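# Summary of the model geometry
So you can see what is in the structure, the chains are spelled out below.
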Amino acid sequence: MARIAVFGAGSIGVYIGASLHAAGADVVMIGRARMRQQIASQGVLLSDLDGRRQQLAAAGFPYQENPFALTDAQLILVTVKSADSAAAAATIAQHARPSALVVSLQNGVGNAAVLRSALPGWQVLAGMVPFNVVQMEGSRFHRGSGGQLMVEASAALEPWQAVFSQAHLPIQLCAGFDAVQWGKLLLNLNNAVNALSDLPLKTELSQRAYRRCLALLIEEALRLLRAAGIRPAKIARVAPQWLPLLLRLPDALFRRIAAAMLEIDPQARSSMWEDLRAGRLTEVDYLNGAIVGLARSLGKDAPANRRITALIHAAEGTALQSWRGDALYQALCAQSP
């Protein structure tokens, strides 16, 4: 059986790698010492919002720190943080075979391009993980929302489709993947709102004050995308252009009209919240910061996304303090630069 390597196996990487391992795939996860030690002592418990619970024993669990484990991989799933993409590519180039298929399963819009630039001659595909995974007590990796993995269309993925389906991770192949990534990024603008709210996603999105913050961020992003000639794909059940209007609805009407947006496990939170709680640097520069960068490239500004990026940076490395929705909205609308 051909080997799959998950490089940068944090919450998402462990969930995907452990699911493939449980389905019988020859998989190795490569990541940090802390994660290896945790799994070595507790194993992995996989769970999801549909009631799945699967305990995987620590003995024989394929998690390593040494990137030498990339040597025999024929499929490499990159799940490192966006800031680490260039370093990941250098490590892959050093240890892996040039014939390996590389798939970026990272947040943001430019990671596959970074990997391609550093891996000339390799086949690199952009991908997207629509669901969130939160680490919980007992080495539990909990998938709190739905959706299928999405990867840019390529015949090279055909040999892997069956094992991903067996692992409860079916892959949807997509043409025009840039539009898909921008569509996902619009939804990911909520990561910062959720992190600052210090609330579960479902609780946060059930409150109009926080939804108004997200509507402001998405509306600003949509204006810039139109100016740049970019048409984001529909990732949620609602077309991107309708999201701000929908998010601003009163709570009772939102729950009735947009019930699908609240089909989230009550325990689910954003990865950015998890990073802040753990005292780690976040990916805000590659999410809200990407909108700020797009604005600069057009000679424009993105004040709301710029302000929330600054708020997240201010929260990094400090004790997380929750923001009320109305206070956060006022901060995003402030007249000062």
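Residues numbered from 1 in each chain as written. Predicted model: local features only at pLDDT ≥ 70, side-chain atom pairs only at ≥ 80, totals over all residues. Heavy atoms only, no water.

## Considering unusual backbone geometry
Using the following cut-off: Helix and strand assignments come from DSSP, with helices taken as H or I runs of at least 4 residues and strands as E runs of at least 2, each series counted from the N terminus.
In this structure, His168 takes a positive phi of about 65° despite not being glycine. Structurally, the position occupied by His168 is in the loop between α5 (161-166) and β12 (171-174). Positive phi, close to 60°, is recorded for Asp198, a residue that is not glycine. Along the chain, Asp198 falls in the loop between α7 (190-197) and α8 (201-205).

## As for the pattern of salt bridges
Just so we agree on the cut-off: A carboxyl oxygen of Asp or Glu within 4 Å of a side-chain nitrogen of Lys or Arg is what we treat as a salt bridge. Between buried and exposed lies partly exposed: a residue is buried under 20% and exposed over 50% of the maximum accessible area for its type, with that area taken using a 1.4 Å probe on protein chains only.
Evaluated as defined, the whole model comprises 12 salt bridges. Measuring nitrogen to oxygen at the nearest pair gives 2.5 Å for the salt bridge that ties Glu152 to Arg116. One end of the pair, Glu152, is in strand β11 (residues 149-152); the other, Arg116, is in helix α4 (residues 111-118), and 36 residues separate them in sequence. The class of Arg116 is partly exposed, set by a relative accessible area of 36%. One salt-bridge network, in which partners are shared between bridges, spans Lys81, Glu274, Asp275 and Arg280.

## Concerning helix α2 (residues 33-42)
Put simply, the rule reads: Taking the helix axis as origin, the arc is that swept by the directions to the C-beta atoms.
Those residues of α2 that sit buried are Met35, Gln38 and Ile39. Here the buried residues of α2 occupy an arc of 95° about the axis, which is enough to place them on one side. Turned more than 90 degrees from where α2 packs its buried face, Ala40 and Ser41 sit exposed.

## Section: the pairing of strand β6 (residues 73-78)
Cut-off, in case you're wondering: A pair of strands is considered paired only if DSSP assigns at least 2 bridges between the two.
Here β6 lies mainly inside the structure; 5 of its 6 residues are buried. In terms of strand pairing, strand β1 (residues 3-7) meets β6 through 5 bridges, oriented parallel. Paired with Ile4 across the bridge in β6 is Leu75. Bridging between β6 and strand β7 (residues 101-104) involves 4 bridges; their strand directions are parallel.

## A closer look at the side chain of Asn190
Where we set the bar: A contact between two residues is defined here by any heavy atoms of the two lying within 4.5 Å.
Structurally, the position occupied by Asn190 is in helix α7. A relative accessible area of 5% places Asn190 in the buried class. The contact partners of Asn190, leaving out residues within four places of it in the chain, are Leu201, Glu204, Leu205 and Leu214.

## Quick notes on the sheet that holds strand β3 (residues 44-48)
What counts is decided by this rule: Angles shown run from 0 to 180 degrees and are taken between the N-to-C directions of axes, each axis being a line fitted to C-alpha atoms and, for helices, limited to the stretch in contact.
Taken in spatial order, the 4 strands of this open sheet run β4-β3-β10-β9, and their pairing is mixed. Of all the strands in the sheet, just β4 (53-56) and β9 (133-136) have a single pairing partner and so form its edges. Here the strands of the sheet are splayed against their neighbours by 20° on average, with no regard to which way each runs. Bridge count for β3 against strand β10 (residues 140-143) is 4 bridges, and the pairing is parallel. Of the residues in β10, the one forming a bridge with Asp48 is Arg143. Running at roughly 95° to β3, helix α1 (residues 11-22) makes contact with β3, β4, β9 and β10 of the sheet. Lying over the sheet, α2 contacts β3, β4, β9 and β10, oriented at roughly 60° with respect to β9.

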